[in-house]
Amino acid sequence: MKEQNKEKNYEDIINLPHHVSPIHPPMPLSDRAAQFAPFAALTGYGEVIKETARQTDRKPELTEEEKQELDYKLQIAVSLPGEKPMVTITYFVPDKKKAGGTCHRVQGRIRKADTDRGKLIMDRGEEIELEMVVDITVGADGA
């Protein structure tokens, strides 16, 4: 019985000096801490959850009347003689990872409407696909 108590209390080894290996150098504290870090069995799962929860919008569907009005505004912005007017263009950008996307706005002057490529080229070099344009506001301040 006394032998069992001795094993339970570790009395036979409790006062022994700490062993230091003559062959292996001591492990750095940062590496020692790493062995107690939690095991991440589901690596990347948090990012998947965030991506799934991220909201996207559907592309706005324009009526025929809205398309004609948009075309009219585009013709005005491109065909005026002299310096082109400031415009604000709202366009849809499809999401690369999931269905839907977001609407973006750019303000500036239209340098060229490249109908062969289906793009608007802005004065600062931005290229916007014509089929993604949702609205054009023509005016001195683009608003």
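Below you will find a few notes about this structure. (Residues numbered from 1 in each chain as written. Predicted model: local features only at pLDDT ≥ 70, side-chain atom pairs only at ≥ 80, totals over all residues. Heavy atoms only, no water.)

Here we take up the pattern of salt bridges. Side chains that differ in sign of charge can pair as their charged atoms come close. Scanning the entire structure with this criterion turns up 10 salt bridges. Between Glu 127 and Lys 119 there is a salt bridge, with its nearest N and O atoms 3.8 Å apart. Using a relative accessible area of 22% as the deciding quantity, one classes Lys 119 as partly exposed. Residue Glu 126 is joined to Arg 124 by a salt bridge in which the shortest nitrogen-to-oxygen separation is 3.9 Å. By relative accessible area, Arg 124 is classed as exposed at 58%. (Salt bridge = Lys/Arg side-chain N within 4 Å of Asp/Glu carboxyl O. Buried < 20%, exposed > 50% of the residue type's maximum accessible area, 1.4 Å probe, protein only.)

Moving on: the nonpolar core. Grouped together as the largest cluster of nonpolar side chains are 13 residues, with contacts concentrated most on Ile 89, Ile 110 and Ile 128. Where this core is concerned, the elements lending two or more residues are helix 4 (64-79), strand 1 (87-94), strand 4 (119-122) and strand 6 (133-138). For Ile 128, the contacting residues outside a window of four places in its chain are Ile 89, Tyr 91, Val 106, Gly 118, Lys 119, Leu 120, Met 122 and Val 133. (Core = buried A, V, L, I, M, F, W, Y, C linked by side-chain atoms within 4.5 Å. Helix = DSSP H or I, 4+ residues; strand = E, 2+ residues; numbered from the N terminus. Contact = heavy atoms within 4.5 Å.)

For the rest of this paragraph, the subject is the pairing of strand 1. Counting buried residues in strand 1 gives six out of eight residues, a clear majority hidden from the surface. Where strand 1 lies against strand 2 (residues 101-108), eight bridges are found, and the strand directions are antiparallel. Considered in strand 2, the bridge of Ile 89 is made with Val 106. Adjacent in sequence and paired antiparallel, strand 1 and strand 2 are bridged by six residues, among which Gly 100 carries a positive phi angle near 100°. The pairing of strand 1 with strand 6 spans five bridges and is classified as antiparallel. From the neighbouring strand, Ile 89 faces strand 6, where its bridge partner is Ile 136. (Pairing = 2+ DSSP bridges.)

Moving on, we come to the sheet that holds strand 1. The antiparallel open sheet is built from three strands, whose spatial order is 2-1-6. A single partner strand is all that each edge strand has here, and the edge strands are strand 2 and strand 6. Taking the axes of each pair of neighbouring strands and ignoring which way they run, one obtains an average angle of 20° across the sheet. (Axes fitted to C-alpha atoms, helices over the stretch in contact; angles between N-to-C directions.)

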